[in-house]
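# Commentary on secondary and tertiary structure
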Amino acid sequence: MAYSGEPILAEDLLFRPAHSLIVQSLHSHLGATTTNGDGFGVGWYGEGREPAVYKSIEPAWNDRNLREITRQMRTPLLFAHVRASTGTPVQRSNCHPFRHGHWLWMHNGLLHGFQEIKRDLLMAVDPTLFPDIEGSTDSEALFFLALTFGLEDDPFSGVARAVGFVEDVGRAYGIDHPVQMTVATSDGESFWIFRYSSERQTRSLFYSTEISKLRALHPEVQVLRHLGEQTRFVVSEPLLRDLAGAWNEVPESSARLVRAGADEIRPFQPISPT
């Protein structure tokens, strides 16, 4: 889940919705796995430009510290992720979101055949960035490839070049569909989302309808009255499943820029850097 808008208590984002991310960690309806209990992470922007990160290998539904801190954590931009490992160890450094400088990154999906192609991918990471890789996941490797290929200058092309590189390497190893991903990344002012897979059958991703339109559709829903006009949500599964018109599916093979007053969506196509 990603949120951008007026500063809000993280508790209201993570615990209060009927189908909150905490509920989804135990009872996911659209994910590849029903239970996402291999750790979790929250990243948020507050004072200063660099975000704070809180991660744990405990299941999100069973972490009392998470509930405690979210009662006092007020933020205009928050990332939250619950993890189901695709093969790498359950350890804090493998939990999302990942951070580098003022950037956050989280990823749902996997790079198929990662153990086969891991060396080739990591050897392509910029040598000045390589020491900052902390964990062993394909998700973090993809983040550092995106940084290498220009994420900080142009997130759209940086991610497209990283994905193009992974596909080139994967197919050289005989892997037909190397990439399965929904990705969110932020510099603290805006965030970008990507929905793409090599086989064009990507996991679910949704963005919220404008709050003013939602209020007109559902004047009876009080929680909508407390959300600012610039509120934006991006989620793997809708937080309020029965609220008609609240959610829009991110189109297959597309990318979206989310920022106050100027959302932008465009087709996403990997760029081969060779």
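This structure is a prediction, so every number in the text was calculated from the model and none was measured. (Residues numbered from 1 in each chain as written. Predicted model: local features only at pLDDT ≥ 70, side-chain atom pairs only at ≥ 80, totals over all residues. Heavy atoms only, no water.)

Counting across every chain of the model gives eight salt bridges. Two residues, Asp263 and Arg232, come together in a salt bridge whose shortest N-O distance is 2.9 Å. In this pair, Asp263 sits in the loop between strand E12 (254-258) and strand E13 (264-267) while Arg232 sits in strand E10 (residues 232-235), placing the two residues 31 residues apart along the sequence. Its relative accessible area of 30% is what places Asp263 among the partly exposed residues. With relative accessibility at 12%, the residue Arg232 sits in the buried group. Between Asp263 and Arg256 there is a salt bridge, with the nearest N and O atoms lying 3.3 Å from each other. Residue classification places Arg256 among the buried residues on the basis of a relative accessible area of 10%. Through salt bridges with shared partners, a single network forms among Glu11, Arg67, Glu68 and Arg71. (Salt bridge = Lys/Arg side-chain N within 4 Å of Asp/Glu carboxyl O. Helix = DSSP H or I, 4+ residues; strand = E, 2+ residues; numbered from the N terminus. Buried < 20%, exposed > 50% of the residue type's maximum accessible area, 1.4 Å probe, protein only.)

Since one α-helical turn is 3.6 residues long, residues separated by three or four positions face the same way. If you check helix H6 (residues 155-172), its first and last C-alpha atoms are 26 Å apart, about what 18 residues at 1.5 Å a residue would give, namely 26 Å. Measuring from the side-chain oxygen of the N-cap residue of H6 to the backbone nitrogen of Phe156 gives 3.2 Å; that N-cap residue is Asp154. Following H6 by one or two positions, Gly174 has its phi on the positive side, about 85°. (Expected span 1.5 Å × (residues − 1). Polar contact = N/O pair within 3.5 Å; in protein donor to acceptor, adjacent residues only side chain to side chain.)

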